[in-house]
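Okay, here's what each chain looks like letter by letter:
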Amino acid sequence: HCGVGEEGRLRDRQEKRRSPVEGPGVAMDYGDVHRAAIQVFLVKKHMTEDETKKQLRELFSAFKLQQPPPFTTKELSAFFNVINEEIGHGGINHAEIKRLNIEGIPERIWGLAQVHLEEEQDAEAKEAALKELKSRWLNPSQMELFKLVVESIVKAGGCRGGMLDINNAVNMGRFSIKNKRRSVEDDEEAPVPSVKDLKAEEAMHTLERLVELDWLRFENVDQAEARGTHNNKRVTLGIRSILDLRKYIETRYDNLGCVWTNGGDFKWLASDDDAGQDAGKENEGSTGKRASSSRDEGGGHDTEDDEEEEGNGAGEARGSKRQQREGPTRRSTE
């Protein structure tokens, strides 16, 4: 579906729409090359910008089009805007092709994002992507694990930089423990009692399946970042979650540790722990520099002491010598 079987209705609309593709003065109507591009995205779901350009070159060649295929970001946007007017909110309301710059992924991404179903009442049902995931791939327990992992990744304080320890993610499949803890807190977000616990191997298999489907992504962190844990494997959001779950995440959770911009960027926000660690490193560096300077000069003055010594002459120098004599006594007392 997705516009391919709607040719009669689409032909009526295409007379009203013309969108320039930034080439040598060429304007393109919605046509076979656009339908073919939709089919590519239905299969691949998302591609890097370079791969997207390659696919469009092949399509333009296959349809023997005279105009050059879109190449710049502006040209690609113009091309996909024609498609979005047909299959998105302005057309059959099925999906849109969007551009994304994702922190941690070096290349720009173009992906097919399913639209938000406003007519649905339930927050989860509004997400066509979640409905598909639940109906095609995951049982209720696996779906509950996915939602809990996503919550821990995106909520501020849940994990650092959107990276959740793999062991913590696996343990979230023990819903009975979570139900017992949250019943005390009277938290309405607790999993329903009918959801069965997942064994560790079942939880890991579910996570691996979600990685294969691009809903989650595995990352290996360096040893410094993995300190205090038994491994350096982390779980973070996959490209499909970033494409399809923005509305769901933004409306369901407060105090997020990530942000989507209207310009197509996705970023992780620095946590308080990260800010505190950066400040601590700066303080350690400053302390080290002062200590080194003190050893080189034979004293413990800071900048203000030095300026005062220059103004007061020999009297301040005598105070400095007295301070040096008293120094070992204070250190031994401490």
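Scroll up to find the structure this text is about.
1. Section: the sheet that holds strand β4 (residues 95-102)
1) Next: Reading across from one edge, β3-β5-β4-β10-β9 is the order of the five strands in this open sheet, with mixed pairing throughout. Every interior strand has two partners, whereas the edge strands, β3 (46-48) and β9 (258-260), have only one. Pairs of neighbouring strands in the sheet enclose a mean axial angle of 30°, with direction left out of account.
2) Next: Of the strand pairs in this sheet, β9 and strand β10 (residues 265-268) are connected by three bridges, and their pairing is antiparallel.

2. Focus on the sheet that holds strand β6 (residues 164-165)
1) Next: Spatially, β6-β8-β7 is the arrangement adopted by the three strands of the open sheet, whose pairing is antiparallel. A strand with exactly one partner marks an edge of an open sheet, and here the two such strands are β6 and β7 (216-220).
2) Next: As paired strands, β7 and strand β8 (residues 233-237) are joined by five bridges and run antiparallel to one another. Paired with Glu219 across the bridge in β8 is Arg234.
3) Next: Packing of helix α6 (residues 140-154) onto the sheet brings it into contact with β6, β7 and β8, and relative to β8 it is tilted by some 95°.

3. Structural notes on the packing of aromatic side chains
1) Next: All chains considered together, the criterion is met by eight aromatic pairs.
2) Next: Centroid distance Phe79 to Phe80: 5.4 Å. Interplanar angle 80°. Geometry classified as edge-to-face. No difference in accessibility class separates Phe79 from Phe80, as the two residues are buried.
3) Next: A network of ring pairs unites the aromatic residues Phe41, Phe60, Phe79, Phe80 and Trp110 as a single cluster.
4) Next: Between Lys233 and the ring centre of Phe218, over which it is positioned, the NZ or CZ distance is 4.3 Å.

Calculation rules
- Residues numbered from 1 in each chain as written.
- Predicted model: local features only at pLDDT ≥ 70, side-chain atom pairs only at ≥ 80, totals over all residues.
- Heavy atoms only, no water.
- Pairing = 2+ DSSP bridges.
- Helix = DSSP H or I, 4+ residues; strand = E, 2+ residues; numbered from the N terminus.
- Axes fitted to C-alpha atoms, helices over the stretch in contact; angles between N-to-C directions.
- Contact = heavy atoms within 4.5 Å.
- Phe/Tyr/Trp six-rings, centres within 6.5 Å; stacked < 30°, edge-to-face > 60°.
- Buried < 20%, exposed > 50% of the residue type's maximum accessible area, 1.4 Å probe, protein only.
- Lys NZ or Arg CZ within 6 Å of the ring centre and 35° of its normal.

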